[in-house]
Amino acid sequence: MDRLRLKAVLGNHPHVKAVKSGELRSELFDLEFIEYTPTNTAFKPMVREQAFDVCEMAIVTYLMAKAHGKPLVLLPATMLGRFQHAYALYNPVQGALGPSGLEGKRVGIRSFTTTTGAWIRGILANDYGVNLDKIKWVTFEDPHVAEYVDSTERAPKDKKVLQMLLDGELDAVLGETSDNPRLKPLFPDPAAEAARWYARRGVVPVNHLVVVTEQLATSRPDVVAGVYDLLKRDKEQAGPAAAPDLVPFGIEASRKPLELIIDYAFQQALIPRRYAVEELFDETTRGLN
């Protein structure tokens, strides 16, 4: 069969370095990489237009895309995973603020549908008892999935999320980090908080995985399996994973984080029902481990 040339977007992660440099190649296809900085700016054209054959994608974006019938198929190949507790800040000028004090506050977030936001809101609701509906959410960007109706307050177009926090127009922000000494972490010791959370949950929060177009998955399942194999070989070549593995590959390794983020996305009304993990994949990708 003819050798395919696939348009691909992947971030510059250590475990995809050999694939992106061309050091690792497939006999079935070539990957033509298109750079997007930051990588999340590629998610919208992938969801709305299927602009690439292979694309890194935030898991909540994918869940929402699936809910709205977008022709995309997930690969169980994690590109980015991280503990989320460090991605929440507040300005102490108006007094100390912790997770349990957010009700009634104005909290800024790039978009309500970001995966980091969904993870942190899930932690706030399920581990701290925060009523998310009592927080006044302020957002700055549209969702990647156009069909989602965002009812949050939209910040003025000339405003930046961290500057609004510094100016006292927001009480806290999610999904951001900063070296500014005027800002403090919402979780007092994020690393210790994350360690306790992991000990309790046993879950690595995955942010970005990889999707392919349904057209590619249907017409060339061998190529889709080959893309996964190539990415997995790169990860293995990059060396043994730290414990816990922040970038799990394979359905079984990814099952617990996928189940939890599905729960959180459903709780937050980002998706209409809880999907079974197997539903996120097709006949080919369901067998990848």
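Data block above holds the structure.
In this numbering scheme, every chain counts its residues from 1 along its sequence in written order. Thresholds applied to this predicted model are a pLDDT of at least 70 for local features of residues and 80 or more for the giving and counting of side-chain atom pairs; totals over whole chains, interfaces and linings are not thresholded and use all residues. In computing side-chain properties, one takes all heavy atoms of the structure into account and sets aside hydrogens as well as water.

Caption draft 1: Here's a closer look at empty space enclosed by the protein. Lining residues are those with an atom within 4 Å of a point, where the points come from a 1 Å grid over the protein atoms alone and group into cavities, where a 1.4 Å probe fits but cannot get out, or pockets, open sets with protein on both sides within 12 Å along at least five of seven lines. Grid points are joined across faces, edges and corners, and a volume is the space filled by probe spheres set on the points. By the definition in use, this model includes 1 cavity of 30 Å³ or more. Counted as a void, the largest cavity has a volume near 40 Å³. Amino acid classes used here: Ala, Val, Leu, Ile, Met, Phe, Trp, Tyr, Cys and Pro are nonpolar; Asp, Glu, Lys and Arg are charged; the rest, including Gly, are polar. Split into classes, the residues belonging to the lining of the largest cavity amount to 1 nonpolar, 5 polar and 3 charged.

Caption draft 2: View of the layout of surface pockets. Taken as a whole, the largest pocket encloses approximately 430 Å³ of empty space. Considering the residues around the largest pocket, the lining is formed by 23 residues, among which Asn-40, Arg-82, Arg-110, Thr-116 and His-208 are closest to the centre. Elements supplying a minimum of two residues to the lining of the largest pocket: strand S3 (54-58), helix H4 (115-128) and strand S11 (206-213). Where helices and strands are cited, they refer to DSSP runs of H or I of at least four residues and of E of at least two residues respectively, numbered from the N terminus.

Caption draft 3: Region of interest: unusual backbone geometry. Pro-38 follows Thr-37 through a cis peptide bond whose omega is -10°. By the element assignment, Pro-38 lies in the loop between strand S2 (29-33) and helix H2 (43-49). For the peptide bond that leads from Ala-243 to Pro-244, omega is -5°, which places it in the cis range. With a phi angle near 50°, Gln-50 is a residue other than glycine that sits in the positive phi range. Here Gln-50 is to be found in the loop between H2 and S3. Relative accessibility decides the category of a residue: with a 1.4 Å probe and only protein chains considered, values under 20% of the type maximum give buried, values over 50% give exposed, and everything between is partly exposed. The class of Gln-50 is partly exposed, set by a relative accessible area of 26%. Although it is not a glycine, Ala-269 adopts a positive phi angle of roughly 60°. Locating Ala-269 in the fold gives a position in the segment after helix H9 (251-267). Note on Ala-269: relative accessible area 55%, which makes it exposed.

Caption draft 4: Structural view of the environment of Val-9. Take Val-9: it is sitting in strand S1 (residues 4-9). The exposure class of Val-9 is buried, given its relative accessible area of 1%. By definition in these notes, contact holds between two residues if any of their heavy atoms fall within 4.5 Å. Look past the residues within four positions of Val-9 in its chain and what remains in contact with it is Ile-34, Tyr-36, Thr-39, Ala-42, Phe-52, Val-54, Cys-55 and Glu-56.

Caption draft 5: Structural context of H9. With 17 residues, H9 extends 23 Å between its outermost C-alpha atoms, agreeing within 8% with the 24 Å of an ideal straight helix rising 1.5 Å per residue. To obtain the bend at a residue, axes are fitted to the seven residues ending there and to the seven starting there, and the angle between these axes is taken. The largest bend in H9 amounts to roughly 30° and is located at Pro-257. Residues Ile-251, Ser-254, Arg-255, Pro-257, Leu-258, Leu-260, Ile-261, Ile-262, Tyr-264 and Ala-265 constitute the buried set of H9. In this analysis, the expected span of each helix is defined as 1.5 Å times one less than the number of residues it contains.

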